[in-house]
Amino acid sequence: MCIYFYFIVSNIKIVLMDAIVSTPEETASDLEEDIKVTRNPTNIRHNESFTSRSTSTTDIHQLEEKMRRKLQFFFMNPIEKWRAKRKFPYKFVVQVIKIVLVTLQLCLFAHNRYNHVNYTWDNRISFSHLFLLGWDSTREINAYPPGAGPLAVYKLDEFYNTLDFAYSGYANISNAIGPYSYDNEDNNMTEPVFCQYNYKKGIINGYNESYEFNSEIVKSCINFSNSEGQLFTSKQYLNDTGLYINFAALVRAELMFSLKTINFRAAGPITPPDCYRFDIAIIFDNEDHDGQMSLTLEAEPYKLACKGDQAYITDNQIDQVLRSILNIFVIIICSASLMLCSRAIYRAQLLRELTNQFFIKTYDRPLSLDGRLEFLNMWYIMIIVNDILIIMGSAIKEQIERNQFTNDQWNVCSLFLGTGNLLVWFGVLRYLGFFKTYNVVILTLKKAAPKIFRFSFCALLIYAGFMFCGWLILGPYHMKFRSLATTSECLFSLINGDDMFATFSIMSKKSPMLWWFSRIYLYSFISLYIYVVLSLFISVIMDAYDTIKQYYKEGFPKSDLQQFIGEASINEVSSGLYRSQSSTSLNAFMNSLFCCNVYRSAYSKIGGNSTFNML
């Protein structure tokens with residue numbers, strides 16, 4: 001029984017010592033005190049005795065060894081830290097758990113978002129067939145070049161006929177295949193709202209080149225109602241209500257109404273149907289006043305609380321609980337990762353300042369810039385950024401799954417979760433970088449990054465010149481150069497050899513001079529960037545790769561910090577040398593607490609040897 005109690009007490013004592021020893025603040029404070037009281041050998045007075053001189057040199061040597069061991073341990077990877085100090089790799093384990101949870105959360109959210117966006121798009125296509133006059137199936141596919149021109153109205157009768165067609169489709173919504181209902185509890189038809197946005201004054205007299213104009217925009221709205229049950233005519237109704245449409249001053253007109261529906265597609269064992277309200281707006285855009293009034297339909301979805309049967313209520317609660325648990329776990333693990341990485345950055349800066357003081361007092365010079373940058377771990381900064389993004393995205397996701405939502409919330413949540421997950425997987429490269437075989441890519445990118453930035457800046461100036469030139473000259477005659485954004489996209493595609501023949505052939509021949517200019521412009525740009533710029537870009541990266549290969553053979557250049565640290569051999573790492581930071585006062589306290597000689601002797605065999613107490 002006594003022996004059993006002895007081993008328990010001894011193990012508790014060693015655990016307490018390791019816990020106290022592994023506190024970086026205590027070790028840093030001890031080193032800081034040693035640095036303050038230790039003198040530089042060059043500052044020792046000539047009248048000191050040989051003994052005091054030898055003692056000072058010995059103290060400095062011990063301080064250097066202590067500092068070197070601490071810095072070596074600081075720059076070890078998690079596996080080496082476990083071998084050296086039996087320090088559990090908390091951050092590594094947290095990152096592994098975070099990758100699993102975040103990826104699972106993203107997969108579930110991506111599946112739901114795809115169903116949501118696809119369902120919304122399909123309903124928008126259905127509404128276009130039901131409420132837009134002149135809509136056909138060729139407009140449902142994004143083809144290049146477009147198979148049809150923009151949907152628009154060009155005559156007064158077409159404008160009113162479009163309003164009549166939309167009202168008729170809304171009034172006869174029961175004829176639609178989709179399970180659509182009106183936006184009220186008794187499913188009675190609600191009155192659509194027609195709004196027009198006009199210039200306050202807009203009169204055009206083209207016959208004598210005169211006009212009256214006031215750029216202030218005035219909004220006026222009216223409800224479309226047909227209480228008499230006759231065929232609805234928008235033109236007659238607007239004239240009867242006194243709402244006159246002046247097309248010369250009309251900027252935009254909208255017809256708005258709402259419909260409700262239920263989606264059975266996502267229903268499953270634990271996923272109930274979803275209820276939606278679609279706010280539909282048919283928009284007549286006349287901002288250009290060019291005789292072409294474009295016609296579009298927008299359908300904004302809002303999720304509603306369903307009133308389903310009893311069987312789905314329990315399943316719905318189970319589904320919500322499981323998703324909420326996953327969101328909470330993700331927020332907790334990301335918060336833990338955020339705190340651990342923030343603490344690591346803070347402690348690294350404390351150690352950097354301590355190392356700088358050591359170099360000043362010991363070598364009469366501060367730590368170099370490269371040495372100071374060694375303490376700034378950009379991987380931790382990237383992890384902190386992705387933790388913040390994932391926490392924000394998870395909070396929005398939880399709000400989406402609990403309350404009503406809009407498309408904007410889905411898009412913002414996907415932006416946060418997607419970018420955060422991207423950075424999470426980038427962070428895996430940090431742990432692959434601990435192995436020389438996989439570290440070549442990281443070192444090559446790190447070596448080539450400054451040259452790539454300088455090279456890209458120069459190439460970007462040339463690119464900007466071609467972009468502005470093409471937009472200005474070719475924009476009116478070439479569909480790929482209509483805007484600055486499409487011009488940049490076209491040029492970037494040409495760099496990668498995409499769709500070259502179409503870019504040449506689409507150019508209009510209305511102006512022969514511009515047609516010949518387009519040939520010279522495109523040939524010059526393609527030749528310059530494919531044969532010169534891209535080749536130089538690849539050569540910059542290959543030069544960095546060759547340099548890294550040479551470093552692996554002859555050794556990497558080292559800063560003053562790395563030269564001071566040196567390299568710890570595998571035997572030194574596994575020898576227990578780095579677990580020797582226990583203080584004398586702690587030993588005295590523990591020995592006084594367990595005063596029996598047999599315990600003292602046993603403790604000296606376990607951890608009280610000279611190697612364990614050296615640092």
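Since we're looking at a predicted model, the values are computed, not measured.

Turning our attention to the overall build of the protein chain. From N to C terminus, the protein chain includes 19 helices and seven strands. Counting only carbon and sulfur atoms, one obtains 61% of the accessible surface of the protein chain, whose full area is about 35800 Å².

This next bit is on the pairing of strand β3 (residues 193-205). Here β3 pairs with strand β4 (residues 210-223) via twelve bridges, running antiparallel. Directly across from Val-193, in β4, lies its bridge partner Asn-223. Linkage of β3 to β4, two consecutive antiparallel strands, is achieved through a turn of four residues, within which Glu-209 is found at a positive phi near 55 degrees. With six bridges joining them, β3 and strand β5 (residues 250-263) adopt antiparallel strand pairing. Each bridged residue has a counterpart across the sheet, and for Val-193 the counterpart in β5 is Met-256.

Moving on: the pattern of salt bridges. On inspection of all chains with the given rule, the structure shows nine salt bridges. For Lys-260, the salt bridge goes to Asp-183, with nearest N and O atoms at 3.7 Å. Of this pair, Lys-260 sits in strand β5 while Asp-183 sits in the loop between β2 (181-182) and β3, and the two are 77 residues apart along the sequence. Since its relative accessible area comes to 23%, Lys-260 is described here as partly exposed.

Negative phi characterises most residues that are not glycine, and trans characterises most peptide bonds. In this structure, Glu-209 is a non-glycine residue whose phi angle is positive, near 55 degrees. Note that Glu-209 resides in the loop between β3 and β4. Classification of Glu-209 by relative accessible area gives exposed; the value is 68%. Even without a glycine there, the phi angle at His-289 is positive, about 55 degrees. Structurally, His-289 can be placed in the loop between β6 (274-285) and β7 (293-304). Overall, the relative accessible area of 31% leaves His-289 in the partly exposed class.

On the secondary structure map, Glu-298 appears in strand β7. Taking the C-alpha atoms as reference, Glu-298 lies 5.7 Å from Ile-280; in sequence the two are 18 residues apart. Setting aside its immediate chain neighbours within four residues, Glu-298 contacts Asp-279, Ile-280, Ala-281 and Ile-283.

Enumeration according to the criterion identifies 34 aromatic pairs in this entry. Here the aromatic rings of Tyr-119 and Phe-278 are separated by 6.2 Å at their centres, their planes lie at 45 degrees, and the arrangement is tilted. Residue Tyr-119 is located in helix α5 (residues 90-131), and its partner Phe-278 is located in strand β6; the two are separated by 159 residues in the primary sequence. No difference in accessibility class separates Tyr-119 from Phe-278, as the two residues are buried. Aromatic pair Tyr-463 and Phe-525: ring centres 6.2 Å apart, planes at 55 degrees, arrangement tilted. Taken together, the residues Tyr-463 in helix α12 (residues 439-474) and Phe-525 in helix α15 (residues 512-554) connect sequence positions 62 residues apart. Assigned by exposure class, Tyr-463 and Phe-525 land together as buried. A network of ring pairs unites the aromatic residues Tyr-119, Phe-127, Phe-131, Tyr-170, Tyr-180, Tyr-182, Phe-257, Tyr-276 and Phe-278 as a single cluster. A cation over an aromatic ring shows up here: Arg-252 above the ring of Tyr-197, its NZ or CZ 4.2 Å from the ring centre.

As a further point, take the side chain of Asp-164. Looking at where Asp-164 falls in the secondary structure, it is placed in helix α6 (residues 156-171). Buried and unpaired, Asp-164 has no salt bridge, with Lys-235 as the nearest side chain of opposite charge at 9.7 Å. When residues no more than four places from it in sequence are discounted, the contact partners of Asp-164 are Phe-232, Thr-233 and Ser-234.

On to the UniProt feature "transmembrane region" (unreviewed entry) in the protein chain. On the UniProt side, "transmembrane region" (unreviewed entry) is annotated at positions that read residues 92-111, 325-346, 375-397, 409-432, 452-474 and 520-542 here. The span residues 520-542 shows a helical share of 100% and a strand share of 0%, and its end C-alpha atoms are spaced 32 Å apart.

This part is about the nonpolar core. Most often, soluble globular proteins keep nonpolar side chains buried together rather than apart. Within the largest apolar cluster, 40 residues are counted, with the highest numbers of intra-cluster contacts made by Phe-131, Phe-194 and Ile-282. Contributions of two or more residues to this core are made by α5, α6, α7 (234-241), β5, β6 and β7. Per element, the largest residue contribution to this core is six residues, and it comes from α6. Ignoring any residue separated from it by four or fewer positions in sequence, one finds Ile-282 in contact with Phe-131, Leu-132, Ala-166, Ala-253, Glu-254, Leu-255, Phe-257, Leu-295, Thr-296 and Leu-297. Within the second largest apolar cluster, 21 residues are counted, among which are Ala-459, Met-467, Leu-474 and Tyr-529.

The complete set of buried residues in helix α4 (residues 78-85) reads Pro-78, Lys-81, Ala-84 and Lys-85. For α4, the arc enclosing every buried residue in end-on projection is 125 degrees, short of the 170-degree limit, so these residues lie on one face. With its phi angle positive at about 55 degrees, Arg-86 sits one or two positions after the end of α4.

The subject of this paragraph is the packing of α5 against helix α10 (residues 378-402). As a packed pair, α5 and α10 sit with axes 12 Å apart at the nearest point and diverge in direction by 40 degrees. Where α5 crosses over α10, the handedness of that crossing is left-handed. Where α5 approaches α10, its residues Lys-91, Gln-95, Lys-98, Val-102, Gln-105 and Phe-109 are matched on the opposing element by Tyr-380, Ile-383, Asn-386, Asp-387, Ile-390, Ser-394 and Lys-397. For the contact of α5 with α10, the class distribution of residues is five nonpolar, four polar and four charged.

This brings us to the environment of Tyr-182. The topology assignment puts Tyr-182 in strand β2. Each C-alpha atom, one on Tyr-182 and one on Arg-277, is 9.4 Å from the other, the two residues being 95 residues apart in sequence. Every residue in contact with Tyr-182, bar those within four places of it in the chain, is listed here: Tyr-170, Ala-171, Asn-172, Ile-173, Asn-187, Asn-188, Met-189, Thr-190, Leu-259 and Lys-260. A polar contact of 2.7 Å, which involves the side chain of Tyr-182, links it to the backbone oxygen of Tyr-170.

Two packed helices can be described by the angle between their axes and the distance between those axes. Packing of α5 against α6 brings their axes to within 8 Å, and their N-to-C directions diverge by 115 degrees. Comparing the axis directions of α5 and α6 gives the class roughly perpendicular. Contact residues: His-129, Leu-130 and Phe-131 in α5; Phe-165, Ala-166, Gly-169 and Tyr-170 in α6. Residues belonging to the contact of α5 with α6 are distributed by class as follows: five nonpolar, two polar and no charged.

Here is what the cut-offs are and how they apply
- Residues numbered from 1 in each chain as written.
- Predicted model: local features only at pLDDT ≥ 70, side-chain atom pairs only at ≥ 80, totals over all residues.
- Heavy atoms only, no water.
- Helix = DSSP H or I, 4+ residues; strand = E, 2+ residues; numbered from the N terminus.
- Areas by Shrake-Rupley, 256 points an atom, 1.4 Å probe, with all protein chains shown as cover.
- Pairing = 2+ DSSP bridges.
- Salt bridge = Lys/Arg side-chain N within 4 Å of Asp/Glu carboxyl O.
- Buried < 20%, exposed > 50% of the residue type's maximum accessible area, 1.4 Å probe, protein only.
- Contact = heavy atoms within 4.5 Å.
- Phe/Tyr/Trp six-rings, centres within 6.5 Å; stacked < 30°, edge-to-face > 60°.
- Lys NZ or Arg CZ within 6 Å of the ring centre and 35° of its normal.
- Lys, Arg positive; Asp, Glu negative; His and termini not counted.
- UniProt positions renumbered as here; feature names shortened; annotations may be inferred.
- Core = buried A, V, L, I, M, F, W, Y, C linked by side-chain atoms within 4.5 Å.
- Arc of directions from axis to C-beta.
- Axes fitted to C-alpha atoms, helices over the stretch in contact; angles between N-to-C directions.
- Left-handed = near helix turned anticlockwise from the far one by under 90°.
- Nonpolar A, V, L, I, M, F, W, Y, C, P; charged D, E, K, R; others polar.
- Polar contact = N/O pair within 3.5 Å; in protein donor to acceptor, adjacent residues only side chain to side chain.
- Parallel < 35°, antiparallel > 145°, perpendicular 65-115°, else oblique.

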